[in-house]
Amino acid sequence: MSSPATGAATLAPRRSSRFVAWVRAWRAGLVPFDEVADEIAGDEEHLVADAPGTWTDVSLREALPSLAKLSPDEIRLVLPAPGDPRGLPGPGDFAGAALLAGEAVVASGLGFVPEVRTHTSGSGMTWETVLWRVHPLPADAPKASLITPGAAEAEAELAAALAETTAALTRLDVAQWRPELAGALAALRRPDGGTDLPPGFDPRSRRLFARAAVLDRVLALAGETAPGGAVNTYEAQQRDAALRPLTTACRQALVAACNAPLRP
């Protein structure tokens, strides 16, 4: 039986990955427009700010027609991190916002960055809404940075990084202070046939996305402070160093899966 923390690791993947996957499938004619906004948003409320032709925040469904003339290959997922700006089309407001969020969508001359907003009612209940802020991209933005690793290459790198990190965390005795993380990593070594991608993605991309999406949540869990303060500063640094290659491989796996060529 999985622990609550392990179960938390299966929560929804990054919002930008769902945005890219479903919009690309729509533009390829593989899913109807009416399904796209709901599939991206799930149970959340999604709004869009600064969409072309609008003067106020609009619903995601109202903003998506601004992408109706794009081909699937013009819509790309980017998951930048400090020191690793791969995928960003040059410096500017969009790059800064994408780095801060850790995710974004490049759609030809537009960039979409999600901002999660937390609201509190008068009775103390809290809920979240997602605001996609649209940034115009410079016409001369470099295109070479949009090159995406292939799914096969990304899958091999993820498997190697997972094995290396698992061994490193075992040496650090991670089970002593984060047993649910060790268990989640062990579970990820088993093949996962699940998928959360729309039609058009091949089996390898689906497998890669399923594994990387769960792993993304596991890594978020790993970044939290251990219960009871069981880890000192040195141990935390050792943990972070062990997780860094896996974090990079996980981001590249999500990018490769979501940006993979679509097939009817």
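By convention here, each chain's residues receive numbers from 1 onward along its written sequence. With pLDDT at 70 or above as the cut-off, local features in this predicted model cover only qualifying residues; side-chain atom pairs require 80 or more to be listed or tallied, and sums for whole chains, interfaces and linings still use all residues. Remark: hydrogens and water are excluded; side-chain values derive from all non-hydrogen atoms of the structure.

### Some details on the sheet that holds strand 6 (residues 126-136)
Link 1 in the chain: A pair of strands counts as paired when DSSP detects no fewer than two bridges linking them. Put simply, DSSP H or I for four residues or longer makes a helix, DSSP E for two residues or longer makes a strand, and each gets a number counted from the N terminus. Taken in spatial order, the 6 strands of this open sheet run 2-1-6-5-4-3, and their pairing is mixed. Of all the strands in the sheet, the pair left with one neighbour each is strand 2 (58-59) and strand 3 (75-78).
Link 2 in the chain: As judged from the 2 bridges shared by strand 1 (residues 45-49) and strand 2, these two strands associate in the antiparallel manner. From the neighbouring strand, Leu 47 faces strand 2, where its bridge partner is Ser 59.

### Digging into the side chain of Thr 129
Link 1 in the chain: Relative to the assigned elements, Thr 129 resides in strand 6.
Link 2 in the chain: Side-chain polar atoms of Thr 129 contact the side chain of His 119, separated by 2.7 Å.
Link 3 in the chain: Two residues form a contact once any of their heavy atoms are found within 4.5 Å. In this view, Thr 129 contacts Glu 45, Glu 115, Val 116, Arg 117 and His 119; residues no more than four positions away in its chain are not counted. Here a polar contact is taken to be a pair of N or O atoms separated by no more than 3.5 Å, where protein atoms must pair a possible hydrogen donor with a possible acceptor and residues adjacent in sequence count only if both atoms sit in side chains.

### Points about the packing of helix 2 (residues 15-27) against helix 3 (residues 33-41)
Link 1 in the chain: To obtain each axis, a line is fitted to C-alpha atoms, and for helices this fit is confined to the stretch in contact; angles are then taken between N-to-C directions over 0 to 180 degrees. The geometry of helix 2 relative to helix 3 is characterised by a closest axis approach of 9 Å and an angle of 175° between their N-to-C directions. By the criterion of interaxial angle, the relationship of helix 2 to helix 3 is roughly antiparallel. Where helix 2 approaches helix 3, its residues Arg 18, Phe 19, Trp 22, Val 23 and Trp 26 are matched on the opposing element by Phe 33, Glu 35, Val 36, Glu 39 and Ile 40.
Link 2 in the chain: Under this grouping Gly is polar, as are all residues other than the nonpolar Ala, Val, Leu, Ile, Met, Phe, Trp, Tyr, Cys and Pro and the charged Asp, Glu, Lys and Arg. For the contact of helix 2 with helix 3, the class distribution of residues is 7 nonpolar, no polar and 3 charged. When describing relative orientation, an angle under 35 degrees is termed roughly parallel and one over 145 degrees roughly antiparallel, while 65 to 115 degrees is termed roughly perpendicular and anything else oblique.

### Quick word on the pairing of strand 1
Link 1 in the chain: Sheet topology places strand 1 next to strand 6; 5 bridges connect them, and they run parallel. Counterpart to His 46 in the pairing with strand 6 is Val 130.

### A look at helix 2
Link 1 in the chain: Working rule for helices: expected span equals 1.5 Å times residues minus one. With 13 residues, helix 2 extends 18 Å from end C-alpha to end C-alpha; this agrees with the ideal 18 Å at 1.5 Å per step.
Link 2 in the chain: Of all 13 residues making up helix 2, 11 are buried, and the element is well covered by its neighbours.
Link 3 in the chain: Exposed residues in this analysis have more than 50% of their type's maximum accessible area, buried residues have under 20%, and partly exposed residues fall in between, with area computed by a 1.4 Å probe over protein chains only. What helix 2 keeps buried is the set Ser 16, Ser 17, Arg 18, Phe 19, Val 20, Ala 21, Trp 22, Val 23, Arg 24, Ala 25 and Trp 26.
Link 4 in the chain: Positive backbone phi, at 80°, marks Gly 29, one or two positions downstream of helix 2.

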